[in-house]
Amino acid sequence: MDAANVDAEFKPASQNALSVIRDWDIKKGWVMNSTRPSPGTHTLNEIMSQPSCWQECLNELERPGQLDKMPGRLAPQADWLFVGCGSSYYIALAAAASWAQLTGLRARAVPASEVLLFPDLLLTGKAPCQPVLISRSGRTSEVLKAAEYLESTRKIRTLAISCAADQPLGAICTISLNLVPADEKSTVMTRSFSSMLLGLQALAAAVAGKREFIEALGRVPAAAQAALEAMRPRIASFVQLNEFNDYVFLGQGPFFGIASESHLKVKEMSCSCAQCYHSLEFRHGPMSVVRPDTLISFFLSESAYKAEREVLEEMKELGAKTLVVTNAADERVRHAADLLIELNLDVPECARLVVHVLAGQLLGYYTALKKGMDPDNPRFLSRVVILNEKAQGI
Ligand code: F1P
């Protein structure tokens, strides 16, 4: 199945059962009676546009007055605190790991609700805190309240990164970075996730004075374009040819944020059961769920490759189906992978982190289509979570 007609081949399985569910959802008003000729139009365009979008965002950041001005405006030698909700929290996870690797500074990631409900667990260090508020819309209630609390109550200067201009978050935070080319029509975040992660990695390199890393990031879009076009038909047919009922995503270090985001894509787009763990944690109980219809996706790092490869082989032995995304595989991984996505990117491991999420996005997209769902209109979800002003406790 080549990329050109890969979607044309898709006919949702057991249309009757799925159309009954769909009619019910429409009757309940849970999904729009979308008459869109092809479900997921926006989502697929946004997924496939990522390499060119990354290039646009990196060009934007390289303009005078953007990245070059940042290091001087941020707290020196601070403890960094990356804050977001949903996919933006998973950006925070991957960005915090990248930040520590690139700058050697302490960095952690928390959901915005933790800043509001348990601030004393976070703001305790002797070193100054440098919060980064991450929000595609710049309008999520919890993120706005967290920014307000940090700036006004704790008198801490914050940095915002968003994909929308002139939004409330940018007005609250002391400094803001806007990656407008990465904004989306879709509810689920795809290119906004990857572009904001890339932007924060470029910022880390600027703070650390690592020009060579920013140049390595600059080589990613072109190399990723080829990888994306190669993986798309393979993931589409893998989904079409297999029946899965449970999805597990595993990653260590910065790849745990990628595993977390991939699990959310499958959940949001296809309403499937999905979970994510640090790879070696899966042995400590969760592996009891493994069955022949369990798909375990491994984001194999270079740094922890041998340890992660052991888990892959053990889960294959238990009977799971396996999808492996890695930069370069050896014979043992080839043997244990039911679907192997090799990226073959000639950049440092941290610089190619973002490319791994493409596979999780495509897996969610094609699983949704197979189940007769519309990734552009995910069940129950909205683009932004705005809480009732009278929301208790925060
Ligand atoms: C965060 C978010 C998304 C989620 C959904 C609702 O939005 O939770 O991660 O997929 O779209 O909003 P934002 O704060 O990044 O705008």
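Right above here is the structure, for reference.
What you see is a predicted model; the values in this text were computed from it and never measured. (Residues numbered from 1 in each chain as written. Predicted model: local features only at pLDDT ≥ 70, side-chain atom pairs only at ≥ 80, totals over all residues. Heavy atoms only, no water.)

### Notes on the site of the ligand
So, point 1. Around the ligand sit 14 residues, and of these Ser87, Ser88, Arg136, Ser137 and Thr140 come closest.
So, point 2. A distance of 2.6 Å separates an oxygen atom of the ligand from a polar atom in the side chain of Ser88.
So, point 3. Here Arg383 contributes a backbone N or O atom positioned 3.2 Å from an oxygen atom of the ligand.
So, point 4. For the ligand, the protein covers 95% of the area, taking 390 Å² as the surface of the free molecule.
So, point 5. Each residue belonging to the shell around the ligand can be placed in one class, and the counts come to three nonpolar, eight polar and three charged. (Near = heavy atom within 4 Å. Polar contact = N/O pair within 3.5 Å; in protein donor to acceptor, adjacent residues only side chain to side chain. Areas by Shrake-Rupley, 256 points an atom, 1.4 Å probe, with all protein chains shown as cover. Nonpolar A, V, L, I, M, F, W, Y, C, P; charged D, E, K, R; others polar.)

### Quick word on the side chain of Ser98
So, point 1. Among the secondary structure elements, Ser98 is positioned in helix H5 (residues 87-103).
So, point 2. A polar contact of 2.8 Å, which involves the side chain of Ser98, links it to the backbone oxygen of Ala94.
So, point 3. What Ser98 contacts, discounting residues up to four positions off in sequence, is Gln201, Cys350 and Leu353. (Helix = DSSP H or I, 4+ residues; strand = E, 2+ residues; numbered from the N terminus. Contact = heavy atoms within 4.5 Å.)

### Here's the deal with the sheet that holds strand E7 (residues 274-277)
So, point 1. Spatially, the five strands line up as an open sheet ordered E7-E6-E8-E9-E10, and their pairing is parallel. Where the open sheet ends on each side, the last strands, each with one partner, are E7 and strand E10 (339-342). Mean inter-strand twist for the sheet, computed between neighbouring axes without regard to direction, equals 15 degrees.
So, point 2. Of the pairings in the sheet, the one linking strand E8 (residues 294-299) to strand E9 (residues 321-326) comprises five bridges and is parallel in character. Pairing of Phe299 across the sheet is with Val325, part of E9.
So, point 3. Against the sheet, helix H14 (residues 357-370) makes contact with strand E6 (246-251), E8 and E9, and its axis sits at roughly 175 degrees relative to E6, the strand it touches most. (Pairing = 2+ DSSP bridges. Axes fitted to C-alpha atoms, helices over the stretch in contact; angles between N-to-C directions.)

### With respect to a nonpolar patch on the surface
So, point 1. Together, Leu117, Phe118, Leu121 and Ile394 line one region of the surface with nonpolar side chains, adding up to about 370 Å² of accessible area.
So, point 2. Within the secondary structure, Leu117 sits in helix H6 (residues 112-117).
So, point 3. Exposure remark for Leu117: the relative accessible area of 43% places this residue in the partly exposed category. (Patch = residues over 30% accessible without salt bridge, like charges linked within 9 Å, V, L, I, M, F, W, Y side chains within 5 Å. Salt bridge = Lys/Arg side-chain N within 4 Å of Asp/Glu carboxyl O. Buried < 20%, exposed > 50% of the residue type's maximum accessible area, 1.4 Å probe, protein only.)

### Comments concerning the state of the cysteines
So, point 1. Enumeration according to the criterion identifies zero disulfides in this entry.
So, point 2. Of the cysteine sulfurs around Cys53, a residue in no disulfide, the closest is that of Cys57, at 4.2 Å.
So, point 3. According to the relative accessible area criterion, Cys53 is buried, its value standing at 2%.
So, point 4. Not part of a disulfide, Cys273 finds its nearest cysteine sulfur in Cys271, a span of 10 Å. (Disulfide = S-S within 2.5 Å.)

### Some details on the packing of helix H11 (residues 255-270) against H14
So, point 1. Packing of H11 against H14 brings their axes to within 8 Å, and their N-to-C directions diverge by 15 degrees. With respect to H14, the axis of H11 lies roughly parallel. Of the two elements, H11 crosses H14, and the hand of that crossing is right-handed. Contacts between H11 and H14 involve Ile258, Glu261, Ser262, Lys265, Val266, Met269 and Ser270 from the former and Val357, Gly360, Gln361, Leu363, Gly364, Tyr365, Thr367 and Ala368 from the latter.
So, point 2. Tallied by class, residues from the contact of H11 with H14 come to seven nonpolar, six polar and two charged. (Parallel < 35°, antiparallel > 145°, perpendicular 65-115°, else oblique. Left-handed = near helix turned anticlockwise from the far one by under 90°.)

### Describing the environment of Gly285
So, point 1. Its place among the elements puts Gly285 in the loop between E7 and E8.
So, point 2. In the structure, Gly285 is positioned 142 residues away from Val143 in sequence and 33 Å away in space, judged by C-alpha atoms.

### A few points about the pattern of salt bridges
So, point 1. Scanning the model with the defined rule gives 19 salt bridges in all.
So, point 2. We note a salt bridge from Asp120 to Arg154, for which the minimum N-O separation is 3.7 Å. Here Asp120, found in the loop between H6 and strand E3 (129-135), pairs with Arg154, found in the loop between helix H7 (141-153) and strand E4 (159-162); they are 34 residues apart in sequence, far enough to count as distant.
So, point 3. For Asp120, a relative accessible area of 56% gives the class exposed.

### Let's talk about the packing of aromatic side chains
So, point 1. Tallied over the full model, the rule gives eight aromatic pairs.
So, point 2. On the numbers, 4.1 Å between centres and 35 degrees between planes, the contact of Trp80 with Trp99 is tilted. Note that Trp80 is positioned in strand E1 (residues 79-84) and Trp99 in helix H5, a separation of 19 residues in sequence. With respect to burial, Trp80 and Trp99 carry one shared label: buried.
So, point 3. Residues Tyr365 and Tyr366 carry aromatic rings whose centres are separated by 4.8 Å and whose planes lie at 80 degrees to one another, so their mutual orientation is edge-to-face.
So, point 4. In this structure Tyr366 comes out as buried when scored by relative accessible area, which is 0%.
So, point 5. One aromatic cluster is present, built from ring pairs that chain together Trp80, Phe82 and Trp99. (Phe/Tyr/Trp six-rings, centres within 6.5 Å; stacked < 30°, edge-to-face > 60°.)

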